[in-house]
Amino acid sequence: MKAFFSIFRLEFASLVRSFTLPLLAGAAVAWMFAVPQVITGDGTLDGAREVYLRYGLGGVFALTLVSLLASASGSFARERSEKRLQLTLVRPVRYQLLFLAKCAALTTAGAIVLALACFASLSVPGENAERVCYHVLRPSLPSPREEARAMYDAYMKDPDTPEEVKKASRSTVMRLLEFRAVDHYQTISTNMVAVWRIDFSSVGKEPLSAEKGVPPAVRLRLSNMQDLREDVAGYLSIGSLRASVSNQTQAVLTFPLSPSSSASESNRNDVLSFTNLGDKPLMLRPRKDVALLVPAGVYAFNLFRAWCELVSMLALILSFGLFLSSALGRPVALFSAIVILAVSEASPSVVSQYPDELETKLSDRIALTVTRFMAEVTRPVSSLNPLERLSLDECVEAREVCRVALMNIFLLPLVFAFISSFVLPRKQDEA
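No experiment lies behind these values; they were computed from the predicted model shown.

**A closer look at the nonpolar core**
Core analysis: the biggest nonpolar cluster contains 53 residues, and Leu57 and Leu390 have the highest contact counts within it. Elements represented by at least two residues in this core include exactly α1 (2-17), α2 (20-38), α3 (45-81), α5 (95-122), α10 (299-327), α11 (330-353), α14 (386-391) and α15 (398-430). Among the elements that take part in this core, α10 stands out by supplying 14 residues, more than any other. For Leu390, the residues in contact, after removing those within four places along its chain, are Arg49, Leu53, Leu57, Tyr299, Asn302, Leu303 and Ala306. Among the nonpolar cores identified, the runner-up in size contains 26 residues, and Leu137, Phe200, Leu208 and Leu272 belong to it.

Structure representation (structure tokens):
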């Protein structure tokens, strides 16, 4: 451990002496105070807050990531070219230890910069540390893949199914059905009651209690057959709580729940229902358009959990940059890291938007296969969105933070360190 902390201290001191860390810290704090004057929202307080968090903390994270990734991608390559790696390894030090110590120093520097940005965000008007955030609970439904399996036979026998789809491989059709299952609409006719089972296992006991006077709520988006804005009428109910729904469709609306004397004692606390009292049928996508919001704690703790998740993402990307540096020259390593990072962000969007029905050309199939592979490999980074949840007052769940931290801070860097231990000696001999 003494060798680990010695290498850690040397790497961290290098970041300070080169002014990388001081400049990043100063730029982060300055940007957090400047962004409300530079970027404007939609005129509402919630819109301004969303813009501030997305572009404020998001901008600081992007700047920190690119700056430290440049340092990580050039770390081993620079030491090899300057013949300084031999000096570091004069005393018996394992290559894995050298890799992990450098990764820890770079991640610590990034964590400091992100922490300063988070503290700065708390001092901006409107970012009240006591603001309540919510657990977001969705209806318990079969997974899109399970629904796709159940629909496959009927879909292939349907005469309206295009012939090119019927001739396609099962995996292609399953992807198509799975994609459609996510956007599956449910129709709620007049005087009909729609019921969804809510899973409370992730939030513990008494999930419907208020937090600091803030009651639970339901977030809902309704539409009609003609996709027109029209008044709707009805009410939401769960247990002894109820909320009236009277607004226009085609908008995401939040309805606070309050105790109701008309609620039946037999109403289950894990069943959310919506009764349509309007004169027209309504439609919604249960997976996307229905959410029960349960108070989860204050904003300050949610911001801390988001910071932990951002640091975890940073640790994974920096460890990958160090891995590239152990095998490639500095310019190639940096270019490769940035390109792969950009592809990881774009892949999920490409996979979700590219129509499977058009997979007729060989070049299309190859490109989509590669893109899907990249989307799966880079999912630990591309699937995380703590800043979006912060801006929407959604809770960054502690379980997710622990899982991400275990994977991104410990397991994956260890894998990169192990592989690098085989690459570094060979590259060192070549130098």
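**Let's talk about the sheet that holds strand β5 (residues 234-238)**
The strand order across the open sheet formed by five strands is β3-β9-β5-β6-β8, and the pairing between neighbours is antiparallel. For this open sheet the edge positions go to β3 (193-197) and β8 (258-259), each flanked by a neighbour on one side alone. Where β5 meets strand β9 (residues 271-276), five bridges bridge the pair, whose relative direction is antiparallel. Among the inter-strand pairings, Ile238 is bridged to a residue of β9, identified as Leu272.

**As for the confidence of the model for the protein chain**
When pLDDT is averaged along the protein chain, the result is 79, and 80% of the positions lie at 70 or above. Averaged pLDDT values for the elements of the protein chain fall to 54 in helix α4 (residues 85-88) and rise to 90 in β3.

**Let's talk about the sheet that holds strand β11 (residues 290-298)**
Read from one edge to the other, the open sheet built from four strands follows the order β1-β11-β4-β7, with strand pairing classed as antiparallel. Looking along the sheet, the strands with just one partner apiece sit at the ends: β1 (132-137) and β7 (252-256). Across this sheet, the average inter-strand angle for adjacent strands is 35°, counted without regard to direction. As paired strands, strand β4 (residues 217-221) and β7 are joined by five bridges and run antiparallel to one another. When the sheet's bridge partners are listed, Arg219 is paired in β7 with Thr254. Helix-sheet contacts for α10 involve β1 and β11, and the interaxial angle to β11 is about 100°.

What counts as what
- Residues numbered from 1 in each chain as written.
- Predicted model: local features only at pLDDT ≥ 70, side-chain atom pairs only at ≥ 80, totals over all residues.
- Heavy atoms only, no water.
- Core = buried A, V, L, I, M, F, W, Y, C linked by side-chain atoms within 4.5 Å.
- Buried < 20%, exposed > 50% of the residue type's maximum accessible area, 1.4 Å probe, protein only.
- Helix = DSSP H or I, 4+ residues; strand = E, 2+ residues; numbered from the N terminus.
- Contact = heavy atoms within 4.5 Å.
- Pairing = 2+ DSSP bridges.
- pLDDT = per-residue confidence, 0-100.
- Axes fitted to C-alpha atoms, helices over the stretch in contact; angles between N-to-C directions.

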